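Now for the letters of each chain:
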Amino acid sequence: MQVALTKLKAAAALAALLVFLAVAPGASAQQTDPAPGPEEAVGGAVPGSSLGVASDTDFWREIRRGASGTAQQPHELGGVLIQSEGDNWRAVRNGPLKTYGVWLMIGIIGLLALFFALRGRIKIEHGPAGTTIERFTGLERFGHWLTAGSFIVLAITGLNLMYGRYVLMPVMGKEAYAFITNAGKWVHNWIAFAFMAGLVLIFIMWVAHNIPNKTDLKWLAKGGGLFSKGVHPDSKKFNAGQKIIFWATILGGASLSLSGWALLDPFTTTMFADTFALVNTLGFNLPTNLTLMEEQQLAVVWHGIVSLVMIAIILAHIYIGSIGMEGAFAAMGSGQVDLNWAREHHNLWVEEEMSKSGVGRAQPAE
Ligand code: HEM
């Protein structure tokens, strides 16, 4: 009796669902042939099919390929039942993007560990001079730490969005993970503005010192002296390696900001179609008739790729600015660096500073 009642309920629910699907406005895509009316769809007939209870494969294939019907919604994709590019997008995002991202980070950490094992901490070769010179002003350090601090928060909360469900959720449980991820998403959205402000500030302060020149080629040819003791190629305020970090931060950061903005304010930009059109002027043939949905999907993937590459680059930067090189951190800590450190790594800059005011801004060490 109980079983019969349950079956009856299930049959009634199924019938109600079929009636709903048949009459629901805006939910069905149409072929050029007029689709069967609601009354034909009831009783087992496949909606949209002229074949009765048999499924019309051509019809469903068209839908699977993203054919658009009519809908009451004004949205450009309102009549599309299946946006097939979404499958590709999900496959790329959950597949290669996440996998290569992990390998990239493991790779860079492995390389830094190997470099540390082989080269050790790069010392001040002539020993500390006991005299310091001002390397960065308070404003410069503020700009650096605004960019750096916000980037680190963005990286942690962003990595949680990408990998947290695999790493943290099994450990802390769904409830706690949902809570921290929700909070992290909010923080990510707002800290982004501090990062953009930091980017603008360091760009204004440092762009003039980061224009590439011939000295950079010589510095690069000698590997910056990083791989051998006693080699100190000429350098002004920033060497070629630092210029690479600067431009990676500025260009990568700008690209992250734009694609991030597109995610904050969805379905409003055509930035990828516009960029592709620009690239096509160089002889490429990229698609420019992207739907707003495709724009959004590209923004998610691009934001992920650029952030992973930037995190890898910045890990190397953090290494060399802290444990990797004796005397480097002080530049962004107190702003004063040891004169011998400055002479070894930025000799031309020291000469410039000295000539500005006789003894430059050098001060005795405390
Ligand atoms: C704990 C993290 C970090 C540490 C310890 C650190 C350390 C440093 C140091 C010591 C310098 C000055 C180097 C010199 O005197 O020549 C510097 C410069 C710089 N930092 Fe950082 N930094 C960190 C994070 C970041 C982040 C997250 C970014 C950007 C997203 C960043 C961007 C830059 C840029 C563009 C420069 C100027 C170019 C260069 O020196 O490479 N830093 N950093």
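Each remark here, short or long, concerns the structure printed above.
Okay, so let's go over this structure. Chains are numbered independently. Their residues run from 1 in the order of the written sequence. Thresholds applied to this predicted model are a pLDDT of at least 70 for local features of residues and 80 or more for the giving and counting of side-chain atom pairs; totals over whole chains, interfaces and linings are not thresholded and use all residues. Side-chain descriptors were evaluated using all non-hydrogen atoms of the structure, hydrogens and water having been removed beforehand.

1. Some points on the packing of helix α8 (residues 214-221) against helix α9 (residues 240-264)
Packing of α8 against α9 leaves a shortest axis separation of 8 Å and a crossing angle of 110 degrees. Considered as vectors, α8 and α9 are oriented roughly perpendicular to each other. Side by side, α8 and α9 meet where Asp216, Trp219 and Leu220 of the first sit next to Ala240, Gly241, Lys243 and Ile244 of the second. Note on definitions: angles span 0 to 180 degrees between N-to-C directions of axes, and those axes are lines fitted to C-alpha atoms, for helices only across the stretch in contact. Numbering of helices and strands runs from the N terminus, with a helix taken as a DSSP run of H or I at least four residues long and a strand as a DSSP run of E at least two residues long. When describing relative orientation, an angle under 35 degrees is termed roughly parallel and one over 145 degrees roughly antiparallel, while 65 to 115 degrees is termed roughly perpendicular and anything else oblique. Residues count as neighbours in contact if any of their non-hydrogen atoms are within 4.5 Å of one another.

2. Thoughts on the environment of Glu294
You can see Glu294 is positioned in helix α11 (residues 292-321). Taking C-alpha positions, Glu294 is 9.0 Å from Phe272, a pair spaced 22 residues apart along the chain. With residues up to four places along the chain from it excluded, the contact list for Glu294 reads Gln83, Glu85 and Asn289. Whenever two N or O atoms come within 3.5 Å, that pair is a polar contact, provided that in protein one can donate a hydrogen and the other can accept it, and provided that, for residues adjacent in sequence, both atoms are side-chain atoms. At a separation of 2.9 Å, a polar atom in the side chain of Glu294 contacts the main-chain amide nitrogen of Thr291.

3. Focus on the coordination of the iron atom of the ligand
Bound to the iron atom of the ligand are the protein donor atoms His144 (NE2) and His317 (NE2), situated 2.0 Å from the metal. The donor set comprises N, O and S atoms within 2.8 Å of the metal, extended to 3.2 Å for Na, K and Ca; water molecules are omitted, so apparent gaps in a site may simply reflect that omission. Geometry is assigned from the angles between donors: four donors with all angles from 85 to 135 degrees make a tetrahedral site, four or six donors whose opposite pairs exceed 155 degrees while the rest stay between 65 and 115 make square planar or octahedral sites respectively, and everything else is labelled irregular. Around the iron atom of the ligand, the six donor atoms are arranged such that angles at the metal cover 85 to 179 degrees; this shape is classified as octahedral. Within this pair, whereas His144 is found in helix α5 (residues 138-167), its partner His317 is found in helix α11, the two being separated by 173 residues in sequence. Each residue gets one of three labels from its accessible area relative to the maximum for its type: buried under 20%, exposed over 50%, partly exposed in between, using a 1.4 Å probe on protein chains only. Taking relative accessible area as the criterion, His144 reaches 14% and is therefore assigned buried.

4. Re the nonpolar core
Nonpolar cores were defined as sets of buried Ala, Val, Leu, Ile, Met, Phe, Trp, Tyr and Cys residues, with membership established by side-chain atoms within 4.5 Å. With 43 residues, the main nonpolar core has Phe151, Trp206, Trp341 and Ala342 as its most contacted residues. Contributing elements (two or more residues each) for this core: α4 (85-119), α5, α7 (174-206), α9, α11, α12 (329-333), α13 (339-345) and α14 (347-356). Setting aside chain neighbours within four positions, we find Ala342 in contact with Ile133, Val337, Asn347, Trp349 and Val350. If you look at the next biggest cluster of nonpolar residues, it comprises six residues, including Ala262, Phe276, Leu290 and Ala299.

5. Focus on the site of the ligand
One heavy atom suffices: a residue is near a molecule or strand as soon as one of its heavy atoms comes within 4 Å of it. Taken together, 22 residues form the shell around the ligand, and within it Arg135, His144, Gln242, His317 and Ala331 come nearest. Taking His144, its side chain carries an N or O atom lying 2.8 Å from a nitrogen atom of the ligand. Interatomic distance of 2.7 Å between a side-chain N/O atom of His317 and a nitrogen atom of the ligand. Looking at the shell around the ligand, the elements that each hand over two or more residues are α5, α9, α11 and α12. Note on residue categories: nonpolar means Ala, Val, Leu, Ile, Met, Phe, Trp, Tyr, Cys or Pro, charged means Asp, Glu, Lys or Arg, and polar means any other residue, Gly included. Its residues placed into classes, the shell around the ligand shows 15 nonpolar, six polar and one charged.

6. With respect to α4
Because an α-helix completes one turn every 3.6 residues, residues spaced three or four positions apart along the sequence face the same direction. With 35 residues, α4 extends 48 Å between its outermost C-alpha atoms, agreeing within 8% with the 51 Å of an ideal straight helix rising 1.5 Å per residue. Along α4, the largest kink reaches about 35 degrees and is centred on Val92; proline Pro96 follows within four residues of it. Three or more residues of α4 are buried, namely Gly86, Gly95, Leu97, Lys98, Gly101, Met105, Ile108, Leu112, Phe115 and Arg119. At its buried positions, α4 is contacted by α5 and α11. Immediately downstream of α4, the backbone of Gly120 shows phi near 70 degrees, a positive value. Each residue after the first adds 1.5 Å to the expected span of a helix. To get the bend at a given residue, fit one axis to the seven residues ending there, fit another to the seven starting there, and take the angle between those axes.

7. Some remarks on unusual backbone geometry
Located in the positive-phi region is Phe267, a residue other than glycine, with phi close to 60 degrees. Looking at the element boundaries, Phe267 is found in the loop between α9 and α10 (271-280).

8. Quick look at the packing of aromatic side chains
The criterion for an aromatic pair is that two Phe, Tyr or Trp rings (for Trp, the six-membered ring) have centres within 6.5 Å, with stacked assigned to planes under 30 degrees apart, edge-to-face to planes over 60 apart and tilted to the rest. Tallied over the entire structure, the rule returns 15 aromatic pairs. Taking 6.0 Å as the distance between ring centres and 50 degrees as the angle between the ring planes, the aromatic pair formed by Trp145 and Phe329 counts as tilted. Note that Trp145 is positioned in helix α5 and Phe329 in helix α12, a separation of 184 residues in sequence. In this structure an aromatic cluster arises from ring pairing among Phe115, Phe116, Phe227 and Tyr319. Throughout this description, the term charge over a ring refers to an Arg CZ or Lys NZ atom that lies within 6 Å of the ring centre and within 35 degrees of the ring normal. The residue whose ring lies beneath Arg135 is Trp349, and the NZ or CZ to ring-centre distance is 4.8 Å.

9. With respect to the pattern of salt bridges
A carboxyl oxygen of Asp or Glu within 4 Å of a side-chain nitrogen of Lys or Arg is what we treat as a salt bridge. Enumeration according to the criterion identifies eight salt bridges in this entry. Its salt-bridge partner being Arg64, residue Asp87 comes within 2.9 Å of it at the nearest N-O pair. Of this pair, Asp87 sits in helix α4 while Arg64 sits in helix α3 (residues 57-64), placing them 23 residues apart in sequence. Under the relative-accessibility criterion, Arg64 is labelled partly exposed at 40%. For Asp216, the salt bridge identified is with Lys243, shortest N-O distance 2.9 Å. Of this pair, Asp216 sits in helix α8 while Lys243 is found in helix α9, placing the two residues 27 residues apart along the sequence. Several salt bridges share partner residues, and in doing so they unite Arg64, Asp87 and Arg90 into one network.

10. Some remarks on a nonpolar patch on the surface
Taken together, the side chains of Tyr166, Val167, Leu168, Val171, Met172, Phe179 and Ile180 present a nonpolar region at the surface, about 690 Å² in accessible area. Those elements that place two or more of their residues in the nonpolar patch are α5, α6 (169-172) and α7. By the element assignment, Val171 lies in helix α6. Patches in this entry comprise residues that are over 30% relatively accessible and not in a salt bridge; like charges within 9 Å are linked, as are nonpolar side chains (Val, Leu, Ile, Met, Phe, Trp, Tyr) within 5 Å. Reported accessibility uses the Shrake-Rupley method at a 1.4 Å probe radius. Residues are deemed covered only where the shown protein chains occlude them.

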